[in-house]
Amino acid sequence: MRWCRGLVSEPWRVGVLFSQSGVMAVIEETQLRATLLAIDEINTAGGVNGREIVPVIYDPGSETGAFALCAKRLMIEDEVSTIFGCYTSSSRKAVLPVVERLNGLLWYPTLYEGFEFSSNVIYTGASPNQNSVALCSYLVENYGTRFFFVGSDYVYPRESNRVMRDLLQTQGGEVVGETYLDLRAKRTDFVPVMRQIKNAGANVIFSTVVGDSTIYLYQSYAEAGLNPAVTPIASLTTTESEVRAMGFDVGAGQITAASYFQSVPNERNTAFVARYQRRHGDDEPTNMCAEAAYFQVHIFANALSRTNSIDTDQIRPAVLGSDFDAPQGRVSVSAANGHTNLWTRIGRANRRGQFDIVQESPTLVWADPYLVGSGRVSLSV
Amino acid sequence: MTTRNRSHPTTRGAQSPSSEVLCLDIVAAVRPDQEGDALIRELQRSRGRVRRLWPLPARLPEDTDVIVAELVPELPQCLPWVPGQPMAALIAVMAALQPPDLKLLRNCAPHAVLHRPFTANTVLTSLALARAQFLYERRLRGRIDKLDETLRAFRRVERAKNILMQTRKIDEEEAYQFMRRQAMKRRISISAIAAAIVDSCEVLG
């Protein structure tokens, strides 16, 4: 088994798959930067057991098919077994069969719709019980029960809305409208949506719009003269990076649920933000996806230092059950399902493009990707 | 014929291949040497439709049951699928004397291998094994897809059950029975009935 182990000085090579072009580049580039920042930190501190981590980076250009091909290339031609990457669920689903067949390990730093488990994936973004559940209650309590769903047309929004619909019903709410737009939707495509929202008398716009069209959604909202204090857009995916792209004034007052905001007040986060901005520019905000991309590399490196082998069968058991002081607070990887136990926070965007944290979980929220024990409490009432 | 084979597998099985390996569509990307010719003949004896391709095309065809291909370094790139989603059974053809390239073998993820020189028995057994492995994997993948969908359906049905219990003041068993009856009457799945109940509850508010 040991025949493939290299020389002591040989670097640890890992794959990195985030889009640097196409409609998802705005957010995926932040994940790429955070990944490289973590790798830099580890290498500056002497690497892992004296060996450097060297990333092999490809740009799948926001194309689902390209993700699968890049993963194949990484594992077959570049001979890496560990891959950090993917933002959209469709890209994760494209990479999944490749890492499963060739026994790789994909580190997926993005919130998603849940209902998945693979022995070849470590999930470090939020599952629905870690964001949707608290968000739904908060919105019903503060804004009302009439939700309008607007999303991008692919797997995550539809699945995520299915979960949100269930949660909303348990809270006595209703979905008063639902519409999906192409990932490449233009600004004008959102004009009729705003009209529908007004006509439906919605209290909340629940958005699962991702990518460049996120900006058009919020801009059309502002132009339509809707008021975030009355009918906010609530999202699981609109981070500091999207707010920056749409304009601080456009985003102000809108709601996002996430495990991490740049405004989380602790020393670990202050240091993370400072290093991120030193490397990428003072006006570059961090966000939940970048934070997960950052801390997952550190969890990987900690496990690697113990196994001293990058082999999936060695490293995965060392990762499961491990914990780490992440910028959002202490997080741990569930041994039961390979998902990460995270914090739940609800933020309201302010005029400086940051989120004021209006609600926070008192402890870590256990990952429950299949919603086995979540969101059902009120069902039996 | 097949019935007799099943009752006497040890004595008669070897002579007549089971229907699993008969009449398959086979793509054979093998070197056009004497051994390659012999391989094609053996494959044809399984009554398969054999398409011979050489040199190895940049992208092997995917509309086939079995691909028999030389295990050359460029083979992973020529396979028309990404690892984990094979569209046909793959048999890797290897040399007898050179040490095997195990990494290359792993990257191609074949369902069986064939070593030169070929014999009638090894060709047939590889074909049977590859086909069986491929079909088994495909059934497993299908089962996972089905399980995923079942999980979702389960949540839907539970949700609908609760709606029925609340709105009609009936107990759990009666709620399930109601959905079963409706599903049978309309000849659709319980999951579809549950989805309709959940949706209509929403519309009615």
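Residues numbered from 1 in each chain as written. Chains lettered and ligands numbered in written order. Predicted model: local features only at pLDDT ≥ 70, side-chain atom pairs only at ≥ 80, totals over all residues. Heavy atoms only, no water.

**A few points about the overall build of chain B**
The helix and strand inventory of chain B stands at eight helices and five strands. Of the regular secondary structure in chain B, the N- to C-terminal order runs α-α-β-α-β-β-α-β-α-β-α-α-α. At a minimum sequence separation of 6, the contacts of chain B that also span at least 24 residues come to 48%. By element, 56% of the accessible surface of chain B is carried by carbon and sulfur atoms, the whole surface being about 11900 Å². (Helix = DSSP H or I, 4+ residues; strand = E, 2+ residues; numbered from the N terminus. Contact = heavy atoms within 4.5 Å. Areas by Shrake-Rupley, 256 points an atom, 1.4 Å probe, with all protein chains shown as cover.)

**Details of the side chain of Ser235(A)**
All names here are of chain A. Counting through the fold element by element, Ser235 comes out in strand β9 (residues 233-235). On the accessibility criterion, Ser235 (0% relative accessible area) is buried. Excluding anything up to four places from it in sequence, Ser235 contacts Leu135, Ser207, Tyr218, Ile255, Thr256 and Ala257. (Buried < 20%, exposed > 50% of the residue type's maximum accessible area, 1.4 Å probe, protein only.)

**Details of the pairing of strand β4 (residues 89-94) of chain B**
All names here are of chain B. Within β4, six of the six residues are buried, which leaves the element mostly enclosed by the surrounding structure. By the alternation rule, side chains of β4 split into Ala89, Ile91 and Val93 and Leu90, Ala92 and Met94, which are all buried. Chirality of the crossover, the property in question, places the unit of β4, helix α5 (residues 102-108) and strand β5 (residues 112-115) among those that are right-handed. (Right-handed = clockwise from strand over helix to strand, strands pointing away.)

**With respect to helix α4 (residues 132-142) of chain A**
Taken as a whole, α4(A) has its buried residues at Ser132(A), Ala134(A), Leu135(A), Cys136(A), Tyr138(A), Leu139(A) and Val140(A). Directly after α4(A), the chain includes Gly144(A), whose backbone phi takes a positive value near 135°.

**Observations regarding the nonpolar core**
Residue and element names in this part refer to chain A. Formed by 85 residues in total, the largest nonpolar core has its most connected members in Ile53, Leu135, Leu139, Phe295 and Phe300. Here this core takes 13 residues from helix α11 (residues 288-307), the largest share from any one element. Those residues within four positions of Phe295 in sequence are excluded, and the remaining contacts are Thr124, Phe324, Ala326, Pro327, Gln328, Val331, Thr340 and Leu342. (Core = buried A, V, L, I, M, F, W, Y, C linked by side-chain atoms within 4.5 Å.)

**Here we look at the state of the cysteines**
Tallying each qualifying case throughout the model produces zero disulfides over all chains. For Cys108(B), which is in no disulfide, the shortest distance to another cysteine sulfur is to Cys78(B) and amounts to 9.2 Å. (Disulfide = S-S within 2.5 Å.)

**A closer look at the layout of surface pockets**
The space that makes up the second largest pocket amounts to roughly 730 Å³. Around the second largest pocket, the lining is made up of 19 residues, and of these Leu96(A), Glu100(A), Arg141(B), Ile144(B) and Asp145(B) lie nearest the centre. At the level of secondary structure, the elements contributing two or more residues to the lining of the second largest pocket comprise α3 (89-101) of chain A together with α6 (120-168) of chain B. Among the elements that take part in the lining of the second largest pocket, α6(B) stands out by supplying seven residues, more than any other. Along the lines of polarity and charge, the residues of the lining of the second largest pocket split into seven nonpolar, three polar and nine charged. (1 Å grid on protein atoms, 1.4 Å probe; cavity = no way out; pocket = protein on both sides within 12 Å on 5 of 7 lines; lining within 4 Å. Points joined across faces, edges and corners; volume = space filled by probe spheres on them. Nonpolar A, V, L, I, M, F, W, Y, C, P; charged D, E, K, R; others polar.)

**Remarks on the sheet that holds strand β12 (residues 329-333) of chain A**
Residue and element names in this part refer to chain A. Strand order in this open sheet of three strands is β11-β12-β13, and the pairing throughout is antiparallel. Single-partner strands in this sheet number two, and they are β11 (323-326) and β13 (340-341). This element, α11, spans β11, β12 and β13 of the sheet and lies at about 140° to β11. (Pairing = 2+ DSSP bridges. Axes fitted to C-alpha atoms, helices over the stretch in contact; angles between N-to-C directions.)

**Description of the environment of Ala257(A)**
Residue and element names in this part refer to chain A. You can see Ala257 is positioned in strand β10 (residues 255-258). With 103 residues separating them in the primary sequence, Ala257 and Glu360 have C-alpha atoms 9.7 Å apart. When sequence neighbours within four positions are dropped, the list of residues in contact with Ala257 reads Asn131, Leu135, Ser235, Leu236, Met288, Arg345 and Ile346.

**Observations regarding the confidence of the model for chain B**
All names here are of chain B. Looking at chain B, the pLDDT average stands at 86 and 88% of residues meet or exceed 70. Looking over chain B, one finds the lowest element-wise mean pLDDT in helix α1 (residues 2-7), namely 40, and the highest in strand β3 (residues 66-70), namely 97. Two summary scores accompany this predicted model of the complex, namely pTM at 0.86 and ipTM at 0.75. (pLDDT = per-residue confidence, 0-100.)

**Details of the packing of aromatic side chains**
Residues and elements named next belong to chain A. On inspection of all chains with the given rule, the structure shows twelve aromatic pairs over all chains. For the ring pair Tyr108 and Tyr112, a centre distance of 6.1 Å and an interplane angle of 80° mean the geometry is edge-to-face. Side by side, Tyr108 and Tyr112 carry an identical accessibility label, which is buried. Joined through ring pairs, the aromatic side chains of Tyr260, Phe272, Tyr276 and Tyr294 make up one cluster. A cation over an aromatic ring shows up here: Arg51 above the ring of Trp12, its NZ or CZ 3.6 Å from the ring centre. A cation sits over an aromatic face here: Arg158 above Tyr180, 4.1 Å from the ring centre. (Phe/Tyr/Trp six-rings, centres within 6.5 Å; stacked < 30°, edge-to-face > 60°. Lys NZ or Arg CZ within 6 Å of the ring centre and 35° of its normal.)

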